[in-house]
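If you want the building blocks of each chain, they are given just below.
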Amino acid sequence: RLAHANHVAPQDLRGYAARPGDYYPNTERLGLLSGYPPAVLLNRLRGLRPDERDATRQRARSRPACRWCCARRGVNEPVHCWFPDHVTACYRHYRWIGPSANTWDDQVSLTGHHGVIAAARRHARLHRLHHPDIIEAALNDALRIVMRQRRLDGQPECDITNASPSARWATAKDVRTHLTTYPQVITVAGAIIAHRPLLLNAGNENLVIAAFLARAYMAFHPKTDSVEEALRCWLYDQQIIRRSRHGARNG
């Protein structure tokens, strides 16, 4: 956008913003060219710090801002932003801007998808309350549960084979498959976050399991045998983890 505003090619502007012999823009030079203080640029832009230049991380995190928000500001071309994983919906225009929306055409309307909007708000609330590592682990486990249930029922699955760890929960074969699974994944992830510590250190395991199942079941309609099996498999894994931890402590 800065290059277009000054009628120069982006590659030429990159050369002006970089130090001699360097490919990456320098924040001080970019600040002089744009009129923004370097501290503001570092806070609002990603890819300026050395640890943010990894191409895999940029592909996983970067996606276009809401096309209607851009249009309100007179911007007629995609603006890629480094959004956190929990920023998945534009609440002003009811558009999907989650990790699977890699183009403006992927930003489908959420009008009528009230469950997706509610899940996006729950997702954001989880990030306000819990550490990102806890949320990432819960989302990955929740996706495995949902995938297992869908596989047992013969439904389309999410494709996570090539996803990076930070985006594995959010990668789907297409946006609409993602929208179908997203509310389920967020609901199950919330149940995992609430009950995993108790499951790994439970004094009354049966009550904790019953509470987890009651909350996780809310993600599935109807509650088929495949749902029971998928959730029980995850619970079995937690029992193995708990036994191994207690065995290590006793040893």
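Described in the following lines is the structure provided in the data block. (Residues numbered from 1 in each chain as written. Predicted model: local features only at pLDDT ≥ 70, side-chain atom pairs only at ≥ 80, totals over all residues. Heavy atoms only, no water.)

### Topic: the packing of helix α8 (residues 132–152) against helix α9 (residues 175–200)
Taken N-terminus to C-terminus, the directions of α8 and α9 make an angle of 125°; their axes are 7 Å apart at the nearest point. Accordingly, the angle class assigned to the pair α8 and α9 is oblique. In the packing of α8 onto α9, the handedness of the crossing is right-handed. Two secondary-structure elements touch here, α8 through Ile134, Ile135, Ala137, Ala138, Leu139, Asp141, Ala142, Leu143, Ile145, Val146 and Arg150 and α9 through Thr177, Thr180, Thr181, Gln184, Val185, Ile186, Val188, Ala189, Ile192, Ile193 and Arg196. Residues of the contact of α8 with α9, tallied by class, amount to 15 nonpolar, four polar and three charged. (Axes fitted to C-alpha atoms, helices over the stretch in contact; angles between N-to-C directions. Helix = DSSP H or I, 4+ residues; strand = E, 2+ residues; numbered from the N terminus. Parallel < 35°, antiparallel > 145°, perpendicular 65-115°, else oblique. Left-handed = near helix turned anticlockwise from the far one by under 90°. Contact = heavy atoms within 4.5 Å. Nonpolar A, V, L, I, M, F, W, Y, C, P; charged D, E, K, R; others polar.)

### Digging into the nonpolar core
Of all hydrophobic cores here, the largest spans 42 residues; its most connected members are Trp96, Ile145, Ile192, Phe212 and Leu231. Secondary-structure elements contributing two or more residues to this core are α7 (114–129), α8, α9, α10 (205–216) and α11 (225–250). Each residue touching Trp96, except ones within four places of it in the same chain, is listed here: Thr88, Ala101, Asp106, Gln107, Val108, Leu110, Val116, Val175, His178, Leu179 and Tyr182. Listed in part, the six residues of the second largest apolar core include Ala65, Cys70, Val75 and Trp104. (Core = buried A, V, L, I, M, F, W, Y, C linked by side-chain atoms within 4.5 Å. Buried < 20%, exposed > 50% of the residue type's maximum accessible area, 1.4 Å probe, protein only.)

### Points about the packing of aromatic side chains
Under the criterion given, the structure shown has two aromatic pairs. For the pair Trp96 and Tyr182, a centre-to-centre distance of 5.0 Å together with 75° between the ring planes defines the contact as edge-to-face. Residue Trp96 is located in strand β4 (residues 95–96), and its partner Tyr182 is located in helix α9; the two are separated by 86 residues in the primary sequence. According to the relative accessible area criterion, Trp96 is buried, its value standing at 0%. Judged by its relative accessible area of 1%, Tyr182 falls in the buried class. (Phe/Tyr/Trp six-rings, centres within 6.5 Å; stacked < 30°, edge-to-face > 60°.)

### Here we look at α9
Its 26 residues give α9 an end-to-end C-alpha distance of 35 Å, which sits within 8% of 38 Å, the value for a rise of 1.5 Å per residue. The principal kink in α9, of about 40°, is found at Ala194, preceding the proline Pro197 by one to four residues. Counting buried residues in α9 gives 21 out of 26 residues, a clear majority hidden from the surface. (Expected span 1.5 Å × (residues − 1). Bend = angle between axes of the 7 residues up to and from the residue.)

### Things to note about unusual backbone geometry
Cis geometry marks the peptide bond from His221 to Pro222, where omega comes out at 0°. Assignment of secondary structure puts Pro222 in the loop between α10 and α11. With a phi angle near 55°, Tyr94 is a residue other than glycine that sits in the positive phi range. Take Tyr94: it is sitting in the loop between β3 (89–90) and β4.

### Description of the pattern of salt bridges
With the rule as written, the count across this model stands at three salt bridges. Across the salt bridge formed by Arg196 and Asp141, the nearest N and O atoms sit 3.0 Å from each other. Taken together, the residues Arg196 in helix α9 and Asp141 in helix α8 connect sequence positions 55 residues apart. Of the charged contacts, one joins Arg232 and Glu228 as a salt bridge, the two residues approaching to 2.8 Å between their closest N and O atoms. With Arg232 and Glu228 both in helix α11 and four residues apart, this pair spans about one turn of that helix. Its relative accessible area of 39% is what places Arg232 among the partly exposed residues. A residue is classified by how much of its surface remains accessible, and Glu228, at 30% relative accessible area, is partly exposed. Through salt bridges with shared partners, one network takes in Asp141, Arg144 and Arg196. (Salt bridge = Lys/Arg side-chain N within 4 Å of Asp/Glu carboxyl O.)

### Description of helix α3 (residues 27–34)
Turning to α3, its buried residues are Thr27, Leu30 and Gly31. Seen from one end, α3 has its buried residues packed into an arc of 105°, which puts them on one side. Gly35 sits one or two residues past α3 and shows a positive phi near 85°. (Arc of directions from axis to C-beta.)

### Section: the environment of Ala101
Tracing the backbone shows Ala101 in the loop between β4 and α7. For the pair Ala101 and Val175, spaced 74 residues apart in the sequence, the C-alpha separation amounts to 6.8 Å.

### As for the environment of Thr111
Examined against the element boundaries, Thr111 turns out to sit in the loop between β4 and α7. Residue Thr111 is classed as exposed on the basis of its relative accessible area, which comes to 61%. Each C-alpha atom, one on Thr111 and one on His93, is 9.0 Å from the other, the two residues being 18 residues apart in sequence.

Shape is all these values report; function is a separate question.
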